[in-house]
Amino acid sequence: MLRLAWRNVSRDWNRSVLAISGMALAAFVLTSALALSNTYHAGALARYRFALGGDIVALPGHFFVDRALYGGASGGEGGGARGSVAGGAPAGAADWTLRRWDPTWQGNLGQFVPGIGEKGYLAPANDPDVFRLDTLQASAGAFGKAGVAGIYPYLSLPAFTETAGKTYPTPLRARQAGFDAVWVRQDEVGVNANAVTPGIRLVTGRWLEPSDEGRMVALVSANRPAGAGPAPAPDTTVTVSVPAVTVGADGRPVFDYGRRQEFRLQIVGLYNVTLDVVRENEGEGGTGSAPVPWETGDIMIPSKTFETLYSLVSGGAAPEIAGQLGLVVKDMNQMNRTLKALSQAFPDWTFLPAPQLAGMMQRQAGGAIPANLSGTFVLVSFLLAGALAAGNMYVVIYQRSKQIGILRSIGASSRQVFGMVLVEVVGYSLAGGLVGWVLVLALYSLIVLTSGAGLAAVGAKAGSTLVVVMGTTLAVAAAFGLAPAWFAAGQPAARVLRHD
Amino acid sequence: MSQLPRDVPASHYQSAAQRRLQRTRVDAPYRPGDPILRGLNLTKRFLMGTAPVYAVRQTTLEIKPGEFVLVVGPSGCGKTTLLNLLGGLDRPTFGEVVLEGQPYSKLDENGLARLRRNKVGFVFQFFNLLTDLTAEENVMLPMQLVGLSPAKTRARAAELLAAVGMAERAAHSPFELSGGEQQRIAVARALANSPTVVLADEPTGNLDRKSGTEIIGLFRRLNREFHQTFVVVSHDLSFTEHADRVVHMEDGQIVKVEAKTA
Ligand SMILES: Nc1ncnc2c1ncn2[C@@H]1O[C@H](COP(=O)(O)OP(=O)(O)OP(=O)(O)O)[C@@H](O)[C@H]1O
Ligand SMILES: [Mg+2]
């Protein structure tokens, strides 16, 4: 019977190739759907981690996100955003003021939540809007207990570059080189294990690395807003002029734009952040996602380097306050628990997790994302793959019905017939799954190569993808192939033979 | 009477006495010389939509060991149906089939399959060879189904192919063989497990006159040489001369039996 099953597969290669291709296509569709839906989240997350410098953004005081501006029907941005209110103004709303992005905050208050600044946010009028860095030490234990691995004050300095006689604002931002490097390598961080993150691209050069700390190196955006001038060439130096800073009575920095110091920074890489924005496709009735470039003139420098520059322009003083903190969590899967613990430990602060900000930002930029988009996508793909596999298996089994009838008539038991078909179905599925897996890997590699990310990610992904692809094809084949096989095997011989 | 299905005329039912008689006959142990295959009071009803069709009606046929029986009759008279019932390819609506003392009604589907592969050889009008296998592999298949060792299987296949005059064509695919040659392979396959009886349904129906005569001649030779029992269905009345007994069917029933005394 084994030989017969093999003959069935090998005798007519056209048919077998067709059957295997069908299974491969099903496997491919399903796996890419799964991968894309994972990647969709992981990719968006990675972009926001990059933009925010942490997994969670901590803001001093309460924070109210206007539902009309940012929310879907999901009841505000809920989640960990303390102070966000579903359905309307918070209690005591009279005391709340609409804050708009204040250009002078580009000082080392360093508040930065992409997108929100443009439309403003509501905050209690009397809220403090800075973290005092000297008191943060005291909180370190509580952060750690809540599941935070690292606290990175979000620091920036106003700075300017000059191109062709014109001056452009290009703020210097302190980045934890290690943090960036870790997640950019992608294969080491569980949350962003997918290679397909076309949104953050290293256009050229490399990312900041831990060994860069203290060195005069920079990562500049390749995609700058109108007015910021063209991006500097990679592997050149950029000269930034930074105003002198004194610390005011309230601890806030006061900048003297008349007195500036110039620094030369070696550009190690150009980065480009695009945000995937999901839009309704007009006329076509579907949704699609469109990459929207994040325009920024920001220059990222290692945080030790930042401290050095700060002390040079401040005459020896260290930064005392930060507008927000980037918190890196120990385990992304424990995000909700961490958020809960944090808001209990620091009831006056607002914690915005990167995923939530990502969603907020995408809504703001491109309209509503259907919350269940990826789920629907996977379901549709599964049905598609199932229909494909089912049709495939039906044809395979149907072609066998005469053969099965003959086998039954000469006395093959239903178990023997079933075994034969089983071998065939499993064979097609395994071969198809293997081809599908290769296709998925090829697609990954292509995306990785064209987006400049590391190939290591593909390698890391290969094993688990294989398991997923094989598992799904086998499951689909079993679901859609074994039932007809079982049915065929159970048919009385005379009836099957009467077919022709 | 009320518990009987409406669509069956009362005359189709056996009397209590008949049934008792049949039961004793069915349960009797098989003794050499007894009829080897017995179809007892067979009725097969098909439903065409809701209308019942009686393909075989209250038919009893007994085959003695080594006998060559020819079943003839007009198209649609129930010959194939009768043969399928005798071979355990289909189950009768009423009645019983007994092969070497084994009543079919006591067997489940897999029991019937086992009986077919051990004791019944089929030859069909359209040969029904597996086209994915070579001639030799087709002949080997029934032996593989019963788990005969590969060496014995190969040896017996060679023997059988020689017996049907197809030794040289062992490695050929059915596509490469003529109808007559394919039917010879089918005969060899039917004989593979030394069946108690070979049932052939219009084995010449798809062959030209010459090949048809050759196949019947082959049957006759196997019948003479190996004492192989045959039940052959055919339109062709010219084959009656080969048969020990000719059974005439009409409208689902046996209307005449011509026995020849050799
Ligand atoms: N599976 C079935 N379903 C319904 N009717 C059937 C079925 N099998 C046979 N019949 C009917 O039973 C009757 C006898 O059929 P059968 O095939 O036994 O005839 P036959 O004598 O072999 O005919 P032929 O010489 O044409 O092969 C026919 O009327 C046929 O239509
Ligand atoms: Mg017939």
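Our structure's up above, just so we're on the same page.
Note that this is a predicted model, so its numbers are computed, not measured.

> Explanation requested: the side chain of serine 221 of chain A in the structure shown.
Residues and elements named next belong to chain A. For serine 221, the location among the structural elements is in strand β11 (residues 217-221). Only 3.0 Å separates the side chain of serine 221 from the backbone oxygen of asparagine 223, close enough to count as a polar contact. Every residue in contact with serine 221, bar those within four places of it in the chain, is listed here: Ala231, Leu270, Tyr271, Thr296 and Asp298.

> Help me out: how do you make sense of the packing of helix α4 (residues 135-146) of chain B against helix α5 (residues 150-163) of chain B in this one?
Two quantities define a packed helix pair, namely the angle between the helix axes and the distance between the axes. Residue and element names in this part refer to chain B. α5 packs onto α4 with a crossing angle of 130 degrees between their chain directions and a minimal axis gap of 9 Å. One way to sum up the angle between α4 and α5 is to call them oblique. Taken as a pair, α4 and α5 cross one another with a handedness that is right-handed. Contacts between α4 and α5 pair Glu136, Val139, Met140, Met143 and Gln144 from the former with Thr153, Arg154, Arg156, Ala157, Leu160 and Leu161 from the latter. Looking at the contact of α4 with α5 residue by residue, the classes come out as 6 nonpolar, 2 polar and 3 charged.

> Would you mind going over the pattern of salt bridges with me for this structure?
When charged atoms on two side chains of opposite charge get close, those side chains can pair. Residues and elements named next belong to chain B. Applying the stated criterion across every chain yields a total of 22 salt bridges over all chains. Between lysine 64 and glutamate 67 there is a salt bridge whose closest N-O contact spans 4.0 Å. For glutamate 136, the salt bridge is made with arginine 154, and the minimal N-O distance between the two is 3.7 Å. Pair noted here: glutamate 136 is in helix α4 and arginine 154 is in helix α5, with a separation of 18 residues, a long-range link. A relative accessible area of 44% places arginine 154 in the partly exposed class.

> In this structure, what is going on with the pairing of strand β9 (residues 245-250) of chain B? I would like to understand it.
Residues and elements named next belong to chain B. Extensive coverage of β9 is indicated by the burial of 5 of its 6 residues. Relative to β9, strand β3 (residues 68-72) runs parallel, the two sharing 4 bridges. Residue pairing in the sheet places valine 71 in a bridge with valine 247 of β9. Bridging between β9 and strand β10 (residues 253-259) involves 6 bridges; their strand directions are antiparallel. Bridge assignment links valine 247 to a residue of β10, and that residue is valine 257. Linking β9 to β10, which pair antiparallel, is a turn of 2 residues; within it aspartate 251 sits at a positive phi near 50 degrees.

Rules behind the numbers
- Residues numbered from 1 in each chain as written.
- Chains lettered and ligands numbered in written order.
- Predicted model: local features only at pLDDT ≥ 70, side-chain atom pairs only at ≥ 80, totals over all residues.
- Heavy atoms only, no water.
- Helix = DSSP H or I, 4+ residues; strand = E, 2+ residues; numbered from the N terminus.
- Polar contact = N/O pair within 3.5 Å; in protein donor to acceptor, adjacent residues only side chain to side chain.
- Contact = heavy atoms within 4.5 Å.
- Axes fitted to C-alpha atoms, helices over the stretch in contact; angles between N-to-C directions.
- Parallel < 35°, antiparallel > 145°, perpendicular 65-115°, else oblique.
- Left-handed = near helix turned anticlockwise from the far one by under 90°.
- Nonpolar A, V, L, I, M, F, W, Y, C, P; charged D, E, K, R; others polar.
- Salt bridge = Lys/Arg side-chain N within 4 Å of Asp/Glu carboxyl O.
- Buried < 20%, exposed > 50% of the residue type's maximum accessible area, 1.4 Å probe, protein only.
- Pairing = 2+ DSSP bridges.

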